[in-house]
Amino acid sequence: MAAAHLTRLVDLLVRQVAHWEQPRWAAGDGHRADEFHHLVQYLADLGAAAEGRPGRQVPRLSRDTALPDQLRVVAADLIRAAPDLAVLESAAVAAQRLRGRLETL
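Everything in this summary refers to the structure shown in the same document. This structure is a prediction, so every number in the text was calculated from the model and none was measured.

So, how was this worked out
Residues numbered from 1 in each chain as written. Predicted model: local features only at pLDDT ≥ 70, side-chain atom pairs only at ≥ 80, totals over all residues. Heavy atoms only, no water. Core = buried A, V, L, I, M, F, W, Y, C linked by side-chain atoms within 4.5 Å. Buried < 20%, exposed > 50% of the residue type's maximum accessible area, 1.4 Å probe, protein only. Helix = DSSP H or I, 4+ residues; strand = E, 2+ residues; numbered from the N terminus. Contact = heavy atoms within 4.5 Å. Expected span 1.5 Å × (residues − 1). Arc of directions from axis to C-beta.

Notes on the nonpolar core
Counting residues in each nonpolar core, the largest one holds 29 residues, and the members touching the most others are F36, L39, L43 and L71. Elements represented by at least two residues in this core include exactly α1 (2-17), α3 (31-50), α4 (67-80) and α5 (85-101). Other than its neighbours up to four places away in sequence, L71 contacts V10, L13, V14, F36, L39, V40 and L43.

Comments concerning unusual backbone geometry
Within the chain, A82 stands out as a residue other than glycine whose phi angle is a positive 55°. Summarising the element assignment, A82 is placed in the loop between α4 and α5. Judged by relative accessible area, which is 61%, A82 ranks as exposed.

Notes on α3
Compared with the 28 Å implied by 1.5 Å per residue over 20 residues, the 28 Å span of α3 between its first and last C-alpha is a close match. Residues R32, A33, F36, H37, L39, V40, Q41, L43, A44, L46, G47 and A48 constitute the buried set of α3. Close packing links the buried residues of α3 with α1, α2 (22-26), α4 and α5.

Things to note about α4
Taking 1.5 Å of rise per residue, 14 residues should cover 20 Å, and α4 covers 20 Å from first to last C-alpha, within 8% of that figure. L67, P68, Q70, L71, V74, A75 and L78 are the residues of α4 that are buried. Here the buried residues of α4 occupy an arc of 155° about the axis, which is enough to place them on one side. In α4, the exposed positions angled more than 90 degrees off the buried face are occupied by D69 and R80. Where α4 is buried, its residues contact α1, α2, α3 and α5. Just downstream of α4 lies A82, where phi reads positive at about 55°.

Structural notes on the side chain of H37
Structurally, H37 is set in helix α3. The buried category is assigned to H37, whose relative accessible area is 8%. Among residues more than four places away in sequence, those in contact with H37 are Q57, V58, P59, R60, L67 and Q70.

Without other data, these values stay purely geometric and don't point to any function.
Shown next as structure tokens:
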């Protein structure tokens, strides 16, 4: 159930931003893109910990429009790692928080 909840939040977040062009990502001195990348990195770190491996820096691609795809990949990797419920809930809270903040950044 927690995995389904995280998947739904990631889908909602991706739908919220998938149509954004580069200027919209860069609005607010790029804080939108920075915050989104922080979420991608956070989920990647949770996935690495769940798999018992060291975390690695998620590359910041040249176009911020790739961020939604990066989020989908790291969220799927996290879910596949089958972490405990608290980890999935933490990821879901972080995704929900970003959804609410994106327009104000």
